[in-house]
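Descriptive structure summary
Here is how the chains run, residue by residue.
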Amino acid sequence: NYDRFMAAFNEVEDHIKRVLGGGTDKYEHAAFMTVLDDFRDRYPRRLPETHYKQLAELAKVRNALTHRQYVDNRRLADPSEAGIVAMERARDRLLYPASALDVLGHGAPLTVGPDVTVGEALHLMHENDFSQLPVYDESGYVDLLTTNAAARWVAAQWEKNDGLAEDAPVSELLNFTEATERVKHVRRSTSAIEAVRDFVDGAEKGEVLTALIVTETGKRRESPLAMIVAADLPALSGA
């Protein structure tokens, strides 16, 4: 039990020091809580507060095991099975986080071009129960067509024309998107934790995200691999 617990703890400590040190010996002899605090400050999206607090508690267990380990060459205590499981899960969450793509299993989203008619785009959204539809041209990402933008376009059409010009291009409808309907592009390897943090950070800053678009390296010109929306947050958080 002691060996399993310490092996998992040492993996966490070595990983954090390696990430922070970047190949240097800066953190080689630093105390664990020092490196854990620095890691949280530098990479908050990788280490949620609940995970930080758990590692801090597990560090107390490690200290108790190593500093008061023996009396008359006999070990005073061993970690419980629950403690070992907690330590190994904490290690796995940090070193091997589940990717958002693995959790959600989403395929590449449907997209439309800016020259597609509004009628076709709205039919796609209705048929697939989509509230967002990415728009791409030959150079890459253009914008995100949302039901909110569609509603504003419809209202403007009725006021202006007393009807709908369904053969108008999607590019015209995109004029009704708002700056508050924000999209962020992220890389394929983005973890479930990082995806959740993107939505949370945006909300805390008053810059609410409408969607994350996943591409190979997070570039707008790359083809979308998946799209993550607020409805996906429970599954991501659960992971």
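Structure: see above.
A brief report on the enclosed structure follows. Computed from a predicted model, the values in this text were never measured in an experiment. (Residues numbered from 1 in each chain as written. Predicted model: local features only at pLDDT ≥ 70, side-chain atom pairs only at ≥ 80, totals over all residues. Heavy atoms only, no water.)

As enumerated under the stated definition, the model contains three aromatic pairs in all. For the pair Phe39 and Tyr43, a centre-to-centre distance of 5.2 Å together with 45° between the ring planes defines the contact as tilted. Look at Phe39 and you get buried, because its relative accessible area is 0%. Taking relative accessible area as the criterion, Tyr43 reaches 21% and is therefore assigned partly exposed. Between Tyr136 and Tyr141, the ring centres sit 5.6 Å apart and the planes meet at 75°, which makes this aromatic pair edge-to-face. Taking NZ or CZ as reference, Arg40 lies 3.8 Å from the ring centre of Tyr52, over its face. Sitting over the ring of Tyr43, Arg46 keeps its end group 4.5 Å from the ring centre. (Phe/Tyr/Trp six-rings, centres within 6.5 Å; stacked < 30°, edge-to-face > 60°. Buried < 20%, exposed > 50% of the residue type's maximum accessible area, 1.4 Å probe, protein only. Lys NZ or Arg CZ within 6 Å of the ring centre and 35° of its normal.)

When its volume is computed, the largest pocket comes out at roughly 330 Å³. Surrounding the largest pocket, 16 residues form its lining, Pro48, Arg93, Ile193, Ser237 and Ala239 being those nearest its centre. Ranked by residues supplied to the lining of the largest pocket, first place goes to helix α9 (residues 192–204) with four residues. When grouped by side-chain class, the residues that make up the lining of the largest pocket number nine nonpolar, four polar and three charged. Taken as a whole, the second largest pocket holds about 260 Å³ of empty space. (1 Å grid on protein atoms, 1.4 Å probe; cavity = no way out; pocket = protein on both sides within 12 Å on 5 of 7 lines; lining within 4 Å. Points joined across faces, edges and corners; volume = space filled by probe spheres on them. Helix = DSSP H or I, 4+ residues; strand = E, 2+ residues; numbered from the N terminus. Nonpolar A, V, L, I, M, F, W, Y, C, P; charged D, E, K, R; others polar.)

For the rest of this paragraph, the subject is the pairing of strand β6 (residues 209–215). In terms of burial, β6 is a largely internal element, seven of the seven residues being buried. A crossover links strand β5 (residues 182–187) with its parallel partner β6, the connecting element being α9, and its sense is right-handed. As judged from the four bridges shared by β6 and strand β7 (residues 226–229), these two strands associate in the antiparallel manner. Each bridged residue has a counterpart across the sheet, and for Leu212 the counterpart in β7 is Ile228. (Right-handed = clockwise from strand over helix to strand, strands pointing away. Pairing = 2+ DSSP bridges.)

Mapped onto the elements of the fold, Phe9 is located in helix α1 (residues 2–21). Overall, the relative accessible area of 0% leaves Phe9 in the buried class. Between the alpha carbons of Phe9 and Ala30 there is a distance of 15 Å; along the sequence they are 21 residues apart. Ignoring anything within four residues of it in the chain, the contact list for Phe9 reads Phe32, Leu58, Ala59, Arg62 and Met87. (Contact = heavy atoms within 4.5 Å.)

Right, let's talk about the sheet that holds β7 for a bit. On the basis of which strands lie adjacent, the open sheet formed by three strands has the order β5-β6-β7 and mixed pairing. Single-partner strands in this sheet number two, and they are β5 and β7. Mean inter-strand twist for the sheet, computed between neighbouring axes without regard to direction, equals 25°. (Axes fitted to C-alpha atoms, helices over the stretch in contact; angles between N-to-C directions.)

Moving on to unusual backbone geometry. Of note in the backbone geometry, Asp129 takes a positive phi value of approximately 55° without being a glycine. If you trace the backbone, Asp129 turns up in the loop between α6 (118–128) and β3 (132–137).

This part is about the packing of α1 against helix α3 (residues 49–67). At a minimum axis separation of 11 Å, α1 and α3 run at an interaxial angle of 130°. The angle between α1 and α3 places the two elements in the oblique class. Crossing geometry of α1 relative to α3 is assigned as left-handed. Residues Tyr2, Phe5, Met6, Phe9, Val12 and Glu13 of α1 form the contact with α3, whose participating residues are Leu55, Leu58, Ala59, Val61, Arg62, Leu65 and Thr66. (Parallel < 35°, antiparallel > 145°, perpendicular 65-115°, else oblique. Left-handed = near helix turned anticlockwise from the far one by under 90°.)

Residues Val118, Ala121 and Met125 constitute the buried set of α6. Looking straight down α6, one finds its buried side chains confined to an arc of 70°; they lie on one side. Turned more than 90 degrees off the buried face of α6, the exposed positions are His126 and Glu127. (Arc of directions from axis to C-beta.)

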